[in-house]
Amino acid sequence: MCELLGMSANVPTDICFSFSGLVKRGGETGPHKDGWGISFYEGAGYREFRDPNPSVDSEIAKLIQRYPIKSKTVISHIRQANVGEICLENTHPFSRELWGRYWSYAHNGQLEDSKTHFPASFYLPVGTTDSEQAFCWLLAQIRLNFTDRCAIGPLSQALHQWCEQLRSKGVFNMLLSNGDYLFAYCSTKLSWITREAPFGEAQLSDIEMKVDFKEETTPHDVVTVIATQPLTDNENWKTIQPGELVVFKEGRVVERFLKNTAE
C-alpha cells in the first residue's frame, strides 16, 4: 500500500528532514514507486507538487529536499498503485476548494466498489482512483452538513463517523486539511510524534541523516509529524489506534475520537 506523511506546527517550518526519509521508501527502501506528491499551506495560499515517477528518482523530489519551504501544515504521499493506472491525475494529494479554502487529502488503502458506496455529487473525480472518489464524497458530506462557521468539535465528530463508513468498505488511512487543522484517521497503521523543547537529536531510519533540532528551532516551537510508519529510529512515536481520528492544530492535539466514542 501507500505511505502518508503530514506535519502540523505552530510556526512555519520546513519538512526537508522527514521528507528525505519518506522519499527513500518510494522505490529504494520501500516499494511505493508509483508516484508521489506533497502540499504546503502558506497563509491562505497553497503550493502543491506531484509526480507519477518514483520519489527516489524524481528531480522534483530532489528540489523539495533542497528547498526549505516553510509551512505550518503539510500533507505528503508516496504511492503503490492498486486502483487506477500510474499517471499524474491519480497521484496524491488531491485538493478541492470549500468555503474559500483549499482542502488537501491523501489516502492509504483500498475501498470496495467505491463509486457505488460513495457516489460523487458536488465534487467529481478527475482520475480513476478509489482514493479520489472517497475524497469527493467526504468533502461533499462536509459541505452538505456544515457551514464555514462551524465549530471544530461537531465537524470532527461527524468526520469520524464518515471515516468509519469508509473503513467499513476496506482500508482507509487518511490525512485531510483545510490549512488550519490536520485530520488524521487510522484504519490500520498511522503514528505521530510531537517535537518541542527540550529538543534533541533525531536519526532517520531509511537514510544516514540526523539533525539536532536544538540548532534548528526556538524554545517555543511545537512540531508534530504524522507518518504511516515512524521515520526515525531513536525517538518514541505514538500509535494512532484503528478507528481513531486525531485532529491537530499548530502541532497540538485538539480533538480525538475513537471507535464512535468521543475522548
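Note that the coordinates shown come from a computational prediction; the quantities given were computed from them, not determined experimentally. (Residues numbered from 1 in each chain as written. Predicted model: local features only at pLDDT ≥ 70, side-chain atom pairs only at ≥ 80, totals over all residues. Heavy atoms only, no water.)

1. So, the overall build of the protein chain
Step number 1: Secondary structure assignment for the protein chain yields five helices and 16 strands.
Step number 2: Relative to the globule expectation of 18 Å for 263 residues, the C-alpha radius of gyration of the protein chain, 17 Å, shows essentially globular dimensions.
Step number 3: Across its three principal axes, the protein chain shows a C-alpha extent of roughly 50 × 40 × 30 Å.
Step number 4: A burial count over the protein chain gives 54% of its 263 residues as buried. (Helix = DSSP H or I, 4+ residues; strand = E, 2+ residues; numbered from the N terminus. Rg over C-alpha atoms; globule rule 2.2 N^0.38 Å. Buried < 20%, exposed > 50% of the residue type's maximum accessible area, 1.4 Å probe, protein only.)

2. Re the sheet that holds strand E1 (residues 3-13)
Step number 1: Spatially, seven strands are ordered E3-E2-E4-E1-E12-E9-E13 in an open sheet, and the strand pairing comes out antiparallel. This sheet does not close on itself; its edge strands, each paired only once, are strand E3 (45-51) and strand E13 (238-239).
Step number 2: In terms of strand pairing, E1 meets strand E12 (residues 222-227) through five bridges, oriented antiparallel. What sits directly across from Gly 6, in E12, is Ile 226.
Step number 3: Along the sheet, helix H1 (residues 16-24) makes contact with E1, strand E2 (36-42), strand E4 (71-78), strand E9 (191-196) and E12, crossing E1 at roughly 170 degrees.
Step number 4: In the packing of helix H2 (residues 59-66) onto the sheet, contacts are made with E2 and E3, and the angle to E2 comes to roughly 35 degrees. (Pairing = 2+ DSSP bridges. Contact = heavy atoms within 4.5 Å. Axes fitted to C-alpha atoms, helices over the stretch in contact; angles between N-to-C directions.)

3. Brief notes about the environment of Asn 234
Step number 1: Mapped onto the secondary structure, Asn 234 falls in the loop between E12 and E13.
Step number 2: Here the alpha-carbon distance between Asn 234 and Ser 205, two residues 29 residues apart in the chain, equals 8.6 Å.
Step number 3: With sequence-adjacent residues up to four places away left out, Asn 234 is seen in contact with Glu 201, Ala 202 and Gln 203.
Step number 4: Among the polar contacts made by the side chain of Asn 234, one reaches the main-chain carbonyl oxygen of Glu 201 at a distance of 3.0 Å. (Polar contact = N/O pair within 3.5 Å; in protein donor to acceptor, adjacent residues only side chain to side chain.)

4. So, the nonpolar core
Step number 1: Ile 142, Leu 159, Phe 172, Met 174, Leu 176 and Phe 183 are the most contacted members of the largest nonpolar core, which totals 32 residues.
Step number 2: Elements represented by at least two residues in this core include exactly strand E5 (94-98), strand E6 (101-108), helix H4 (130-145), helix H5 (152-167), strand E7 (173-177), strand E8 (181-185) and strand E14 (244-249).
Step number 3: A total of eight residues in this core trace back to one element, the largest contributor, which is H4.
Step number 4: Excluding residues within four positions of it along the chain, Leu 159 makes contact with Leu 138, Ile 142, Leu 176, Phe 183 and Leu 245.
Step number 5: If you look at the next biggest cluster of nonpolar residues, it comprises 28 residues, including Leu 5, Val 23, Val 74 and Ala 202. (Core = buried A, V, L, I, M, F, W, Y, C linked by side-chain atoms within 4.5 Å.)

5. Thoughts on the packing of H4 against H5
Step number 1: The contact between H4 and H5 brings their axes to 11 Å, and the two run at 145 degrees. Note on packing geometry: the crossing formed by H4 with H5 is right-handed. Note on element contacts: H5 touches H4 through Leu 155, Leu 159, Trp 162, Gln 165 and Leu 166, opposite Ala 134, Trp 137, Leu 138, Gln 141, Ile 142 and Asn 145.
Step number 2: Here the contact of H4 with H5 is built from residues that sort into eight nonpolar, three polar and no charged. (Left-handed = near helix turned anticlockwise from the far one by under 90°. Nonpolar A, V, L, I, M, F, W, Y, C, P; charged D, E, K, R; others polar.)

6. A short note on the packing of H1 against H2
Step number 1: Where H1 contacts H2, the two axes come as close as 8 Å, and the packing angle between them is 150 degrees. For the element pair H1 / H2, the angle class is roughly antiparallel. The hand of the H1/H2 crossing is left-handed. In this structure, H1 contributes Cys 16, Phe 19, Ser 20 and Val 23 to the contact, and H2 contributes Ala 61, Ile 64 and Gln 65. (Parallel < 35°, antiparallel > 145°, perpendicular 65-115°, else oblique.)

7. Side note on the packing of aromatic side chains
Step number 1: Evaluated as defined, the whole model comprises twelve aromatic pairs.
Step number 2: Relative to Tyr 46, the ring of Tyr 41 has its centre 5.2 Å away and its plane inclined at 65 degrees; by these criteria the two rings are edge-to-face. In this pair, the class of Tyr 41 matches that of Tyr 46, namely buried.
Step number 3: Each member of the aromatic cluster is reached from another via a ring pair, and the members are Tyr 41, Tyr 46 and Tyr 102.
Step number 4: Directly above the ring of Phe 122 sits Arg 143, whose terminal nitrogen or CZ lies 4.0 Å from the centroid. (Phe/Tyr/Trp six-rings, centres within 6.5 Å; stacked < 30°, edge-to-face > 60°. Lys NZ or Arg CZ within 6 Å of the ring centre and 35° of its normal.)

8. Overview of the pattern of salt bridges
Step number 1: This structure, assessed with the given rule, holds 18 salt bridges.
Step number 2: In this structure, Glu 48 and Arg 50 form a salt bridge, with 3.2 Å as the shortest nitrogen-oxygen distance.
Step number 3: Looking at Arg 50, the relative accessible area reads 26%, which means it is partly exposed.
Step number 4: Between Arg 149 and Asp 148 there is a salt bridge, with its nearest N and O atoms 3.4 Å apart.
Step number 5: Classification of Arg 149 as exposed rests on a relative accessible area of 72%.
Step number 6: Residue Asp 148 is classed as partly exposed on the basis of its relative accessible area of 48%.
Step number 7: Connected via shared salt-bridge partners are Glu 3, Arg 25 and Asp 206. (Salt bridge = Lys/Arg side-chain N within 4 Å of Asp/Glu carboxyl O.)

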